[in-house]
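Coordinates in review
Now for the letters of each chain:
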Amino acid sequence: MKNSAGKTYLLGTQHVLAMYAGAIIVPLIVGGALKLNFEQMGYIIAADLLTSGLATLLQAWRNPFCGIGLPVVLGCTFTAVFPMISIGSQYGMTAMYGSIICSGLFVVLIANYFSKLVTFFPPVVTGSVVTIIGITLVPVAINNVAGGVGSADFGSLSNFALAFGVLLFIILLNRFTTGFIRSISVLLGLIAGTIVAALMGNVSFSSVAQASWFNMITPFYFGMPTFEPSAIITMIVVAIVSMIESTGVFMALGEICGKKITETDLTRGYRAEGIAVILGGIFNSFPYTTFSQNVGLVQLSHSKTTNVTIVAGFMLIVLGLIPKFAALAMIIPNSVLGGAMIAMFGIVVASGIKMLSKVDFASNENLLVIACSVALGLGVTVVPNLFVKFPPLLKMFFENGIVTGALTAVILNIILNMGQKKLPPAPKV
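What comes next is a walk through the structure. (Residues numbered from 1 in each chain as written. Predicted model: local features only at pLDDT ≥ 70, side-chain atom pairs only at ≥ 80, totals over all residues. Heavy atoms only, no water.)

Considering the overall build of the chain
- Of the regular secondary structure elements, the chain holds 18 helices and two strands.
- Overall, the chain is about 80 × 55 × 45 Å in size when its C-alpha atoms are taken along their principal axes.
- The 429 residues of the chain split such that 56% are buried.
- Nonlocal contacts in the chain, meaning residues at least 24 apart in sequence, comprise 83% of its contacts between residues at least 6 apart.
- In the chain, which carries 20 positive and 12 negative side-chain charges, the distance between the mean positions of the two groups comes to 11 Å. (Helix = DSSP H or I, 4+ residues; strand = E, 2+ residues; numbered from the N terminus. Buried < 20%, exposed > 50% of the residue type's maximum accessible area, 1.4 Å probe, protein only. Contact = heavy atoms within 4.5 Å. Lys, Arg positive; Asp, Glu negative; His and termini not counted. Charge placed at Lys NZ, Arg CZ, Asp CG, Glu CD.)

As structure tokens, this is what we get:
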């Protein structure tokens, strides 16, 4: 789809709004747990947005060393939240950022070796992993539909009305419109939902009024990094988990964009993420990974060019430098976001199912790979305390439904499919 500058800007805005809530929730959680003051909280939110923009541009810029060249948007990985809080509480902020820098260097160094695992990701594995990614995102959408976890009006009828009103609006736009209007259906749904919420008195502009006009991001805001071995090992585990998640997202986007993902592509993608993590440590923000939230948006908008995510990357940088603008995106109610998320995250599930359509379902081996990986991925997601008795590093590794499901799919595919000679069909009697 060819886009004019104005259309590209709107499509980029749609990507930013789709990932914005997920992007700022991490600094809010981490900053609150580490008891940062108002000024420090403002800094890490701004630094997070700016570095997220830089990371997005790194992935879009395909070059011989890094950048996968797919329409991806990067944000802080949720997997890192509680490890960062633990490290920051025990060793201080400087050790937290030192461990983030080391984990980024680790990703850059092993990217070439990790990419060789692509041979272990045939359609039965990639389809299962992408389906699991979508399924694990669904609870986030449903919680937002009800108003967001911990909200005073959680589950109120007004929240449900707003959420399903936005969802219906997006569906109707996709049914009765074509071209550009259909491609920005999510953006229009968010705008319409926010206007209706404002008329209902559910929108507060206080955050916009309090936000400053400019914020300069400086390296090592909290001091020069320090390096604690246990903290570094913890963040390296987080980095490996993020790489496994990103592999599934890269495969899903490659399928949507009609591009075969090679070892070289994965190496460049991992390196870009590693550099982004290093930047996160330097600017005292967070480790970054490919946001699976935005995969469904690529499919819904049918805009598969990196020009759109490049615009989104520059917009995130501007939002990081001008908090007043960033605060405008915070006025969108959770229920409005939830309605849009149902469509976006559901598309991710559908993309996984589409990838599985290439699989031979007459094979019991394939059925077992899909059944066990999806079941375990979903199970870990809905029962997050499943591994509460595990050692901390193992718990952090396995309590992520995407990682558990992905590892299950890879291992079962090796056991059941790889190296097996296909028997000829039985002769007809």
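Considerations on the packing of helix 5 (residues 123-145) against helix 16 (residues 364-382)
- Interaxial distance between helix 5 and helix 16 falls to 9 Å at its minimum, and their mutual angle equals 25°. Between helix 5 and helix 16, the angle falls in the class roughly parallel. The chirality of how helix 5 crosses helix 16 is right-handed. For the pair helix 5 and helix 16, contact is made by Val124, Ser128, Ile132, Ile135, Thr136 and Pro139 and by Asn366, Val369, Ile370, Ser373, Val374, Gly377, Leu378 and Thr381, respectively.
- Across the contact of helix 5 with helix 16, the residue classes break down as eight nonpolar, six polar and no charged. (Axes fitted to C-alpha atoms, helices over the stretch in contact; angles between N-to-C directions. Parallel < 35°, antiparallel > 145°, perpendicular 65-115°, else oblique. Left-handed = near helix turned anticlockwise from the far one by under 90°. Nonpolar A, V, L, I, M, F, W, Y, C, P; charged D, E, K, R; others polar.)

Digging into empty space enclosed by the protein
- One pass over the full model with this rule turns up one cavity of 30 Å³ or more.
- For the largest cavity, the calculated volume is near 70 Å³.
- The wall of the largest cavity is formed by Thr77, Ser103, Val107, Met235, Val238, Ala239, Ser242, Met243, Glu273, Val277, Pro287 and Tyr288.
- Elements supplying a minimum of two residues to the lining of the largest cavity: helix 4 (93-114), helix 10 (229-257) and helix 11 (263-282).
- A per-element tally of the lining of the largest cavity places helix 10 first, with five residues. (1 Å grid on protein atoms, 1.4 Å probe; cavity = no way out; pocket = protein on both sides within 12 Å on 5 of 7 lines; lining within 4 Å. Points joined across faces, edges and corners; volume = space filled by probe spheres on them.)

A word on the side chain of Ser128
- Tracing the backbone through its elements, the reader meets Ser128 in helix 5.
- With sequence-adjacent residues up to four places away left out, Ser128 is seen in contact with Pro123, Leu356, Ile370, Ser373, Val374 and Ala409.

Concerning helix 15 (residues 334-356)
- Here helix 15 spans 32 Å end to end across 23 residues, near enough to the 33 Å set by a 1.5 Å rise per residue.
- Taking the largest bend as the criterion, helix 15 deviates by roughly 30°, centred on Met341. (Expected span 1.5 Å × (residues − 1). Bend = angle between axes of the 7 residues up to and from the residue.)

Structural notes on the packing of helix 2 (residues 38-60) against helix 11
- Axis separation between helix 2 and helix 11 bottoms out at 9 Å; the angle between their running directions is 160°. In terms of orientation, helix 2 and helix 11 fall into the roughly antiparallel class. In the packing of helix 2 onto helix 11, the handedness of the crossing is right-handed. Here helix 2 contributes Thr51, Leu54, Ala55, Leu58 and Gln59 to the contact with helix 11, which in turn contributes Arg268, Gly269, Ala272, Glu273, Ile275, Ala276, Leu279 and Gly280.
- Here the contact of helix 2 with helix 11 is composed, by residue class, of seven nonpolar, four polar and two charged.

Quick word on the packing of aromatic side chains
- Applying the stated criterion across every chain yields a total of eight aromatic pairs.
- Here a set of aromatic residues connected by ring pairs shows up, and it is made of Tyr43, Tyr97, Tyr221 and Phe222. (Phe/Tyr/Trp six-rings, centres within 6.5 Å; stacked < 30°, edge-to-face > 60°.)

Brief notes about the pattern of salt bridges
- In this structure the tally under the stated criterion is four salt bridges.
- When the shortest N-O distance is used, the salt bridge between Asp265 and Arg62 registers 2.8 Å. Of this pair, Asp265 sits in helix 11 while Arg62 sits in the loop between helix 2 and strand 1 (74-76), placing them 203 residues apart in sequence.
- Notably, a salt bridge pairs Lys358 with Glu255, separated by 3.0 Å at the nearest N-O pair. Of the two residues, Lys358 is situated in the loop between helix 15 and helix 16 and Glu255 in helix 10; the sequence distance between them amounts to 103 residues.
- The exposure class assigned to Glu255 is partly exposed, which follows from its relative accessible area of 25%. (Salt bridge = Lys/Arg side-chain N within 4 Å of Asp/Glu carboxyl O.)

Bear in mind that shape data such as this cannot, by itself, settle questions of function.
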